[in-house]
Amino acid sequence: MDDLVKRGKIYKAIMPNRRTFWIYGLIWSVISLAFLIPGILIVLSGDFEGSIFILMAVIMMATLPFILLREKHKQKAMAWRYAHFTENDFLDLENQLYNAQPMFNTFFLLDKYLFVPGEGLLLSYLEIQSIETIEHKRNMMASGATVVFHCPDDDYSVMVADWQSYLIQKQRFERMLFDKRDERPLPSDTRKQHTIDIPYIHFG
């Protein structure tokens, strides 16, 4: 059973994984080289405008450690938050994921959690206090969308894959998300704050 859990998408997404860091580093390095090599060739041909490409490549390589550190921090935070999960908990989530359909090729609305595989996020609906949509534009035209989930401990940003559909159905998504949250019972300590203890009075 342990091997089955460790092969699961949710387990691998939220638990620290060195392979993820290697992939991030490889992708970032390839993109940097895509700027660096043409820049060098342009400069060698006598056109110093190629130095702009070289500068962009240097900046990207300089930011790589910060990106890897952010990814490492995010994975550690997720692993710490869900360290109490048992093997059966993960199997239950995997079963839910198997039967779920992704919304906008990005979000999975499970029974108790919002799961975003691409970002390695597993957020309890009760944690999500509010959400914010940032619409990206290029030449005054919509070119993308980022959803920010505001939680007590941090804010989590997610780039939406099918952003065109999301922008059209944004209100529907928000309503579904908060309907899921409202279906969840309040934590025991929160319920206690909203109850009145009636003392037992013995007559006779």
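(A) Quick look at the pattern of salt bridges. Taken as a whole and judged by the stated rule, the model has three salt bridges. Between Arg181 and Asp182 there is a salt bridge, with its nearest N and O atoms 3.8 Å apart. In this structure Asp182 comes out as exposed when scored by relative accessible area, which is 56%. Residues joined by salt bridges that share partners form a network here, namely Arg81, Glu127 and Asp153.

(B) Broad picture of the sheet that holds strand β6 (residues 155-159). With antiparallel pairing, the three strands of this open sheet are ordered in space as β4-β5-β6. The open sheet terminates on both sides in strands that have one partner only, identified here as β4 (130-138) and β6. The mean angle between the axes of side-by-side strands here comes to 25°, regardless of whether they run parallel or antiparallel. In terms of strand pairing, β4 meets strand β5 (residues 141-150) through nine bridges, oriented antiparallel. Following the sheet pairing, Lys137 is matched in β5 by Ala142. The sheet contacts of helix α7 (residues 170-183) involve β4 and β5, and relative to β4 the element is tilted by about 160°.

(C) Structural view of the nonpolar core. Formed by 40 residues in total, the largest nonpolar core has its most connected members in Phe107, Leu114, Leu122, Ile128, Phe149 and Phe173. Top contributing element to this core by residue count: strand β2 (residues 113-116), with four residues. If we skip the residues at most four places from it in the chain, Phe173 touches Met103, Phe104, Phe107, Leu109, Ile131, Phe149 and Tyr166.

(D) Layout of unusual backbone geometry. Residue Asn105 is not a glycine yet carries a positive backbone phi of 55°. As for its placement among the helices and strands, Asn105 is situated in the loop between α5 (87-99) and β1 (108-109).

(E) Summary view of the pairing of β2. Burial of β2 is two-sided: the residues Tyr113 and Phe115 facing one way and the residues Leu114 and Val116 facing the other way are all buried. Two elements, β1 and β2, share two bridges in a ladder whose sense is antiparallel. Counterpart to Phe108 in the pairing with β2 is Phe115. Where β1 folds back on β2, the antiparallel hairpin that results is connected by three residues.

So, how was this worked out
Residues numbered from 1 in each chain as written. Predicted model: local features only at pLDDT ≥ 70, side-chain atom pairs only at ≥ 80, totals over all residues. Heavy atoms only, no water. Salt bridge = Lys/Arg side-chain N within 4 Å of Asp/Glu carboxyl O. Buried < 20%, exposed > 50% of the residue type's maximum accessible area, 1.4 Å probe, protein only. Pairing = 2+ DSSP bridges. Helix = DSSP H or I, 4+ residues; strand = E, 2+ residues; numbered from the N terminus. Axes fitted to C-alpha atoms, helices over the stretch in contact; angles between N-to-C directions. Contact = heavy atoms within 4.5 Å. Core = buried A, V, L, I, M, F, W, Y, C linked by side-chain atoms within 4.5 Å.

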